[in-house]
Amino acid sequence: MKEPLLYKVVKPPLKALFTLVFRPTVEGKENIPTEGKIILAGNHTSVFDCFTVAMSTKRCVHFMAKAELMNGIGKYIFPGLGIIPVDRSTNGKQAVVSAEEYLNNGKLIAIFPEGTTNKTDDIMMPFKGGAVKIASDTDCDIVPFVISGKYKYFKKSVKIKFMPVMKVERGSLKAANKALYETVRNELEKEYGVK
């Protein structure tokens, strides 16, 4: 399974532009394995989060994203970027199959378990169980991440932190999802000084 050519072509200039405009701080990227299957999972604050995650590693990041992105001009762009479309009307069953195929071929995928950008007053929304299910099905580890701050032009105001690898035991998905959620939330509260 080859990495998408369009991703390889557009990433360098987009990374340069994104880094210039938003100047994100990246911590813990050494926790992302340089090869082999792995899932990145964390909170979702903005449409720019995908760029922040992708620019943090040299590897190709295959994002699970809503299928609506494939409408219109998106159907010509996003498949070439390695996006895994999630049809929320079917609970994303086909997306799970596709994601597991990517992982079983040694790829890296990224998931925002909140399912959408957080527009609530809470610091984070509940996590859906897809990330831990896919990890369990493929015997794959998860690298949790936290994105904090706001995207402000030409200001160093956004930070992403990748935490140590988390293992998911088979048969304990509810507990694993709770552990993932609490790992991300606790770190996010720490970043914002919430007690």
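Now for a quick tour of the structure. (Residues numbered from 1 in each chain as written. Predicted model: local features only at pLDDT ≥ 70, side-chain atom pairs only at ≥ 80, totals over all residues. Heavy atoms only, no water.)

## Some thoughts on the packing of helix 5 (residues 130-138) against helix 6 (residues 173-192)
Close contact between helix 5 and helix 6 brings their axes to 9 Å; oriented N to C, the two are set at 125 degrees. Considering their axes alone, helix 5 and helix 6 lie oblique with respect to each other. The crossing of helix 5 and helix 6 is right-handed. Contacts between helix 5 and helix 6 pair Ala131, Val132, Lys133 and Ser136 from the former with Leu173, Ala176, Asn177 and Leu180 from the latter. Considered class by class, the residues forming the contact of helix 5 with helix 6 number 5 nonpolar, 2 polar and 1 charged. (Axes fitted to C-alpha atoms, helices over the stretch in contact; angles between N-to-C directions. Helix = DSSP H or I, 4+ residues; strand = E, 2+ residues; numbered from the N terminus. Parallel < 35°, antiparallel > 145°, perpendicular 65-115°, else oblique. Left-handed = near helix turned anticlockwise from the far one by under 90°. Contact = heavy atoms within 4.5 Å. Nonpolar A, V, L, I, M, F, W, Y, C, P; charged D, E, K, R; others polar.)

## Some thoughts on helix 1 (residues 5-22)
With 18 residues, helix 1 should reach 26 Å at 1.5 Å per residue; the first-to-last C-alpha distance of 25 Å fits that figure. Of all bends in helix 1, the biggest is about 40 degrees, found at lysine 11, and the proline proline 12 comes one to four residues later. Taken as a whole, helix 1 has its buried residues at Tyr7, Lys11, Phe18, Val21 and Phe22. Next to the buried residues of helix 1 lie helix 2 (49-54) and strand 3 (61-66). Where helix 1 ends, the next residue or the one after it, arginine 23, has phi of about 50 degrees, a positive value. (Expected span 1.5 Å × (residues − 1). Bend = angle between axes of the 7 residues up to and from the residue. Buried < 20%, exposed > 50% of the residue type's maximum accessible area, 1.4 Å probe, protein only.)

## Observations concerning the pattern of salt bridges
Inspection of the entire model under this criterion finds 9 salt bridges. Residue glutamate 27 is joined to lysine 159 by a salt bridge in which the shortest nitrogen-to-oxygen separation is 3.2 Å. Of this pair, glutamate 27 sits in strand 1 (residues 25-27) while lysine 159 sits in strand 7 (residues 158-162), placing them 132 residues apart in sequence. With relative accessibility at 18%, the residue lysine 159 sits in the buried group. Ionic pairing is found between lysine 167 and aspartate 141, a salt bridge with its closest N-O pair at 3.1 Å. Within this pair, whereas lysine 167 is found in the loop between strand 7 and helix 6, its partner aspartate 141 is found in the loop between helix 5 and strand 6 (142-149), the two being separated by 26 residues in sequence. Note on lysine 167: relative accessible area 58%, which makes it exposed. (Salt bridge = Lys/Arg side-chain N within 4 Å of Asp/Glu carboxyl O.)

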